[in-house]
Amino acid sequence: MKKQKVILTTKEKSELFGEGVITVILLLLLNLSIIILINLAVLNDPRLENGIFFLKKTITFANGVHLWSWQRLFISFMLVGDAIVVYWRLIRRYRQMQLRHVIEELHYIADGHFDHRIPFVVKTDLQKVIDSINALVDSTVASMEEERQIEQSKDDLITNVSHDIRTPLTSIIGYLGLLKSSELNEDQTKYIQIAYDKALQMKALAEDLFEYTTLRSSTNNKLVLAPLHVNSMLEQVAAGFELEAEKKNITFNVITRPRDLVIDADAKMIVRMLNNLISNALKYGRGATEIDLIANKVNNEFVELRVENNGEQIPKKSLQKIFDRFYRVESSRNLKTGGTGLGLAITKSIVDLHGGNIKCQSTSELTSFIIQLPLNSPKKNDGVL
């Protein structure tokens, strides 16, 4: 990093010059006022005048040179004092400007430019602050890079493990399925069913782990972007859940404004995203009678997708963590409905990958998952990200 002095702008130089001029003018007016007051005091008090004359006569230098007049002596001292005051004021103002430049550099780094360092060299204790800030940024960047590598290693491990265990799990599930169809006694059938259900849960977890880490991986997050008719897609997704919804006396409502709304998106991932949200509503929206799938075009810039249900409210303390991986609302942690805790995390990853955002709002009347996706993806590049 190349070190440099703080370079003042033209405006700052003008401020500094103006500060000096104003200080000089004020000091000259102060000096003149003091001289006038002293002159008036001397003229009105003969004893003071005689004392000054006696002092001049008494103090004699070599070759018979007498002391200057008190006015000249006083003016000389005042000029020296004025010069010191002006210098102190200008230096103080200049250091304030240096500090302002350092703060601007610090804000620039805080905005995310972690490859930048404060390049200034100053001759005050401010240099220690600058060096400390640069050292802190270096340490922070190193820690972030180390954390990124650890996170990447962890994701790679999860991806590899989840990929490797899917094959033997598929075989186990197949053999258990054959045993289920065989004639066995009651206890054997019960135990095989338990093992079969647990194997299915493990396979679901492995698949979710694999998909989540794949979506997070910068080397695998490729989107196949194509025009997607939103209303048709919502109707098809809703149709896939009709049987399960009928068992729970839940009806689907699909609303698209306008009906011919089309966006650029990866259809497979968008469907997976909606499947996760609908499955979540069916599992945890206790007491729900309706699930609404709504799409609105907003300002010709993005589409707002809503998955809403009128079931049980999500606690406020859970709303901020609901998209975290492995997080599950405590009331849903049971054998029948408890999922892997990755469905909503996968959903958020899909939304992020499309350059959108997602949030959840929940009241006693309605729980809404609100997704905003750009109509035309800014990341589009020959259909692949």
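About the criteria used
Residues numbered from 1 in each chain as written. Predicted model: local features only at pLDDT ≥ 70, side-chain atom pairs only at ≥ 80, totals over all residues. Heavy atoms only, no water. Helix = DSSP H or I, 4+ residues; strand = E, 2+ residues; numbered from the N terminus. Buried < 20%, exposed > 50% of the residue type's maximum accessible area, 1.4 Å probe, protein only. Contact = heavy atoms within 4.5 Å. Areas by Shrake-Rupley, 256 points an atom, 1.4 Å probe, with all protein chains shown as cover. Pairing = 2+ DSSP bridges. Axes fitted to C-alpha atoms, helices over the stretch in contact; angles between N-to-C directions. pLDDT = per-residue confidence, 0-100. Phe/Tyr/Trp six-rings, centres within 6.5 Å; stacked < 30°, edge-to-face > 60°.

Visitor: I'm lost on the overall build of the protein chain in this one. Help?
Guide: The secondary structure content of the protein chain amounts to 10 helices and 7 strands. Here the protein chain holds 385 residues, and 33% of them are scored as buried. Contacts spanning at least 24 positions in sequence make up 69% of the contacts within the protein chain whose residues lie at least 6 apart. For the protein chain, the exposed surface amounts to about 24,300 Å²; the carbon and sulfur share of it is 58%.

Visitor: Is there a simple way to think about the sheet that holds strand 5 (residues 302-309) in this case?
Guide: Within a sheet, each strand pairs with its neighbour through backbone hydrogen bonds, oriented either parallel or antiparallel. Overall, mixed pairing links the 5 strands, which are arranged 2-4-5-7-6 in an open sheet. Strands with a single pairing partner mark the edges of an open sheet, and in this sheet they are strand 2 (251-257) and strand 6 (357-362). Adjacent strand axes in the sheet meet at a mean angle of 15 degrees, parallel and antiparallel pairs treated alike. Sheet topology places strand 6 next to strand 7 (residues 367-374); 6 bridges connect them, and they run antiparallel. Note on strand 7: the bridge partner recorded for Ser362 is Thr367. In this fold helix 6 (residues 230-240) packs onto strand 2, strand 4 (290-298) and strand 5, with an angle of close to 175 degrees to the strand it touches most, strand 2.

Visitor: Would you mind showing me how to read the confidence of the model for the protein chain here?
Guide: In low-pLDDT segments, the atomic positions of the prediction should not be examined closely. Confidence along the protein chain averages 81 in pLDDT terms, with 85% of residues attaining 70 or more. Scored below 50 in pLDDT, residues 380-385 makes 14 contacts in the model with residues more than four places away or belonging to other chains.

Visitor: Would you mind showing me how to read the packing of aromatic side chains here?
Guide: Ring pairs (aromatic) are described by centroid distance and by the angle formed between their planes. By the definition in use, this model includes 1 aromatic pair. With centroids separated by 6.1 Å and ring planes inclined at 85 degrees, the aromatic side chains of Phe323 and Phe369 adopt a geometry described as edge-to-face. A residue pair is termed long-range when its members are at least 10 positions apart, and Phe323 in the loop between helix 9 (316-319) and helix 10 (343-353) and Phe369 in strand 7 qualify at 46 residues. Of the two residues, Phe323 and Phe369, neither departs from the other in class, the shared state being buried.

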